[in-house]
Amino acid sequence: AVIHNMNPRNLWRRKKNLASKGFGHGGDVSKFVPDGYKVKGTSTLTDAAGKTKLQWVKTDVDADRQLEMMQTAVKALCADIKPVDPVSGPNVCYKNLLNLYTVSDFHLGMMACEEEGGADFDVKIAEELFDRWFMQSLKSAPEAETAVISLLGDTLHYDSLKPTTVESGHVLAADTRYFRMIEIVMRMTRKAVDLALKRHPKVHIVISQGNHDPASSLWITQALTLLYENEPRLTIDKSPDVFKMYRHGETVLFFHHGHRVRFDQIESVMISKFRRDFGETTYSYCHVGHLHHQKIVESRNMIVEQHRTLAAKDEYASSGGWMSGRSSN
């Protein structure tokens, strides 16, 4: 670090990055590593003279590179999206009213079965459940001028071609392939948006990043933005920030999946990040998910609500003793 005039931590990070590309493993081994993977280590067999006779290259998933590849693919996919034509909205509504439709931790792509202590759940059941819930919610809700559709994170069960969690690499119980999840989630969300546009003069979409789908939440947002770019009555929160906000008159709504900040700290974080909007409004509500059980706390500043999930319990949740009910609102 002294020789290169660098901070030791930065030097360590650079060495780690070079090692993942094959440098420092004794010869150029990068050519043996497919794109999207990194060098984890090597085992070398040498003769008595020290000459390499055989070498085994150990690889692992390169999450950063796979995210970069996925974002590139999403841009290419979205380039061919044909925007839909605007649709007409209702003639009668309560102009000062807002309806919030929240779906948290839906985990599309998860496989669960009743025998393991929960209920049957797969992509077919999930899509039918989402459609029925949303149609019933629209039917039951008042005729508000504005609707906010909040997908509060973990809409998809996993975030890449491999059914594992992004940060810990835990293997997940998956029902289908990733490309099928893309097809289903786009069909689900488009149907929900189209129904909301027929019911409400104004529709706003907030898609939060979860710990299961941080990259997917970004491309879903981008795809919907391009799909509805000709619809003047629809707005979408395109911010990549994990903390989001929507202001409606004297009320401000905050959204965060709940995986980055503890429940008892989310209030102070939202006030700090959105200081002006909090100060200029009278009522504040914050919505989080992540833990799959309901919790509502009211303080001097705002009401913070943690939402349940519509998804069934998989084997992991059932064996862990998490017995919260299933709901959405």
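Quantities reported herein were computed from a predicted structural model and do not represent experimental measurements.

## Quick notes on the overall build of the protein
Right, on to step 1. Secondary structure summary: the protein contains eight helices and eleven strands in total.
Right, on to step 2. Taking all 329 residues of the protein together, 44% fall into the buried category.
Right, on to step 3. Of all intrachain contacts in the protein linking residues separated by at least 6 positions in sequence, the fraction that spans at least 24 positions is 67%.
Right, on to step 4. Counting only carbon and sulfur atoms, one obtains 52% of the accessible surface of the protein, whose full area is about 18,500 Å².

## A word on empty space enclosed by the protein
The method is simple in principle: a probe with the dimensions of a water molecule rolls over the atoms, and the space it marks as empty is what remains.
Right, on to step 1. Within the structure shown, the criterion is met by two cavities of 30 Å³ or more.
Right, on to step 2. Taken as a whole, the largest cavity holds about 50 Å³ of empty space.
Right, on to step 3. In this structure, the largest cavity is lined by Ile149, Leu151, Thr189, Ala192, Val193, Ile205 and Leu224.
Right, on to step 4. Sorting the residues of the lining of the largest cavity by element identifies strand S4 (144–151) and helix H4 (178–199) as the ones contributing at least two each.
Right, on to step 5. Tallying contributions element by element places H4 first for the lining of the largest cavity, with three residues.
Right, on to step 6. Of the residues belonging to the lining of the largest cavity, the class tally is six nonpolar, one polar and no charged.
Right, on to step 7. Approximately 40 Å³ is the volume attributed to the second largest cavity.

## Let's talk about unusual backbone geometry
Right, on to step 1. Phi at aspartate 105 takes a positive value of approximately 55°, unusual for a residue other than glycine.
Right, on to step 2. Along the chain, aspartate 105 falls in the loop between strand S3 (94–103) and helix H3 (123–140).
Right, on to step 3. Despite not being glycine, histidine 290 has its phi angle at roughly 80°, a positive value.
Right, on to step 4. Following the sequence through the fold, histidine 290 ends up in the loop between strand S9 (283–288) and strand S10 (295–298).

## Considerations on the nonpolar core
Right, on to step 1. Grouped together as the largest cluster of nonpolar side chains are 46 residues, with contacts concentrated most on Phe106 and Leu108.
Right, on to step 2. Those elements that provide at least two residues to this core are S3, H3, S4, H4, strand S5 (202–207), helix H5 (214–227) and strand S6 (234–236).
Right, on to step 3. It is H4 that provides the largest number of residues to this core, a total of ten residues.
Right, on to step 4. When sequence neighbours within four positions are dropped, the list of residues in contact with leucine 108 reads Val123, Ala126, Thr155, Leu156, His157, Met181, Ile184, Val185 and Met188.

What counts, and at which threshold
- Residues numbered from 1 in each chain as written.
- Predicted model: local features only at pLDDT ≥ 70, side-chain atom pairs only at ≥ 80, totals over all residues.
- Heavy atoms only, no water.
- Helix = DSSP H or I, 4+ residues; strand = E, 2+ residues; numbered from the N terminus.
- Buried < 20%, exposed > 50% of the residue type's maximum accessible area, 1.4 Å probe, protein only.
- Contact = heavy atoms within 4.5 Å.
- Areas by Shrake-Rupley, 256 points an atom, 1.4 Å probe, with all protein chains shown as cover.
- 1 Å grid on protein atoms, 1.4 Å probe; cavity = no way out; pocket = protein on both sides within 12 Å on 5 of 7 lines; lining within 4 Å.
- Points joined across faces, edges and corners; volume = space filled by probe spheres on them.
- Nonpolar A, V, L, I, M, F, W, Y, C, P; charged D, E, K, R; others polar.
- Core = buried A, V, L, I, M, F, W, Y, C linked by side-chain atoms within 4.5 Å.

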